[in-house]
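Chain and residue survey
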Amino acid sequence: MSNLVLGYNNLIDNATLSGGSWSGALPLSNLKSRYLSKAARSTNALAASTLIDIDLGSAKAVQAFGAIRTNIGASGATYRLRGSSVSNFASSIYDSGTVSANAQTPDLIIGLPASVTARYWRLEITDTANAAGYVQIGRLFIGPALAPADNYSQGAELGYQSRTGVQQSLGGVDHFDIRTGRRLFAFALDWLTEAEAHNQALELQRICDIHGEVLLIRDPSDTTYNQKRHYLGRLQQLSPIKNPYLTNHQAGFEVLEIVA
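Just so you know, these numbers come straight off a predicted model, no measurement behind them. (Residues numbered from 1 in each chain as written. Predicted model: local features only at pLDDT ≥ 70, side-chain atom pairs only at ≥ 80, totals over all residues. Heavy atoms only, no water.)

We now examine the overall build of the protein. Within the protein, the regular secondary structure consists of two helices and 19 strands. Expected size for 260 residues packed as a compact globule is a radius of gyration near 18 Å; at 19 Å, the protein falls within 12% of this value. Projected onto its principal axes, the C-alpha coordinates of the protein cover approximately 60 × 50 × 30 Å. Out of the 260 residues in the protein, the part that is buried amounts to 45%. By element, 49% of the accessible surface of the protein is carried by carbon and sulfur atoms, the whole surface being about 12,300 Å². Between the averaged position of the 21 positive side-chain charges in the protein and that of its 21 negative side-chain charges there is a distance of 7 Å. (Helix = DSSP H or I, 4+ residues; strand = E, 2+ residues; numbered from the N terminus. Rg over C-alpha atoms; globule rule 2.2 N^0.38 Å. Buried < 20%, exposed > 50% of the residue type's maximum accessible area, 1.4 Å probe, protein only. Areas by Shrake-Rupley, 256 points an atom, 1.4 Å probe, with all protein chains shown as cover. Lys, Arg positive; Asp, Glu negative; His and termini not counted. Charge placed at Lys NZ, Arg CZ, Asp CG, Glu CD.)

Encoded structure:
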């Protein structure tokens, strides 16, 4: 099991997107919208059409990446993510290599093993057998991460938070306004260093508050339960960072899923 990576400060909204071949009605610029239904769709399923180049404008630290709510096929699809200091990717600072995407649908979520500082990023999706005849993506996330050396403590909780409304008639009959539930993951980081507490955990809270997106990656190496445990979300509330011992800091987080 790899340690948790919690991405924050999504850089995609100020990035320049290019590459591939994308529908005029559903262009790459839709990936800058927080509405997951406002998707980008390739014109066909050719590998040359399903490529995305991301220019962050300057070299920035990145450790969390996500292509959210995709229609990537569950068999035979692959992806490759690269970071570079040159726009033609003649050389790479980071290269995931070609990786099976079979376990990365509908959310292709990647926690990098270490922070990578690069200006240019390229996502190559190869899904030529996609039954729909195109690749569609609802949102991109790319940003730095809180990635503690010591993992979250035992006692973490994962469940669904119901959004369904209930009204009861005078006769006692329940009537339901059924809505999609949202996952909620609550966990504690009890062994943060001073640098992790102030440069990552506190900075995450400052930037995100309860409105900013975070990308939850509980175990970057997990390909079995990753679609259950990894998701795009936001903080449900902010908790103070504690300093119980001289060199030890503690922080609690509650990550609420974004579903629309």
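With respect to the secondary-structure elements, aspartate 150 resides in the loop between strand S11 (145-146) and strand S12 (157-161). According to the relative accessible area criterion, aspartate 150 is partly exposed, its value standing at 42%. With 39 residues separating them in the primary sequence, aspartate 150 and leucine 189 have C-alpha atoms 7.8 Å apart. Residue contacts for aspartate 150: discarding those within four places in its chain leaves Asn3, Leu189 and Trp191. (Contact = heavy atoms within 4.5 Å.)

Turning our eyes to something else, we now look at helix H1 (residues 194-208). Taking 1.5 Å per residue, 15 residues should reach 21 Å; H1 reaches 20 Å between its end C-alpha atoms and fits that length. Along its buried surface, H1 packs onto strand S1 (5-7), S11, strand S15 (182-192), strand S16 (214-217), strand S17 (231-235) and strand S19 (248-257). Just downstream of H1 lies aspartate 209, where phi reads positive at about 50°. (Expected span 1.5 Å × (residues − 1).)

The final tally for this structure, using the stated rule, is 12 salt bridges. Note that glutamate 124 is salt-bridged to arginine 82, the shortest N-O span being 2.8 Å. Highlighted residues: glutamate 124 in strand S8 (residues 108-126) and arginine 82 in strand S5 (residues 78-84), separated in sequence by 42 residues. For glutamate 213, the salt bridge is made with arginine 139, and the minimal N-O distance between the two is 2.7 Å. Of this pair, glutamate 213 sits in the loop between H1 and S16 while arginine 139 sits in strand S10 (residues 139-143); the two residues are 74 residues apart in sequence, bridging distant segments of the chain. In this structure, glutamate 213 and arginine 139 share a single accessibility class: buried. Residues participating in the shared-partner salt-bridge network are Asp13, Arg34, Arg139 and Glu213. (Salt bridge = Lys/Arg side-chain N within 4 Å of Asp/Glu carboxyl O.)

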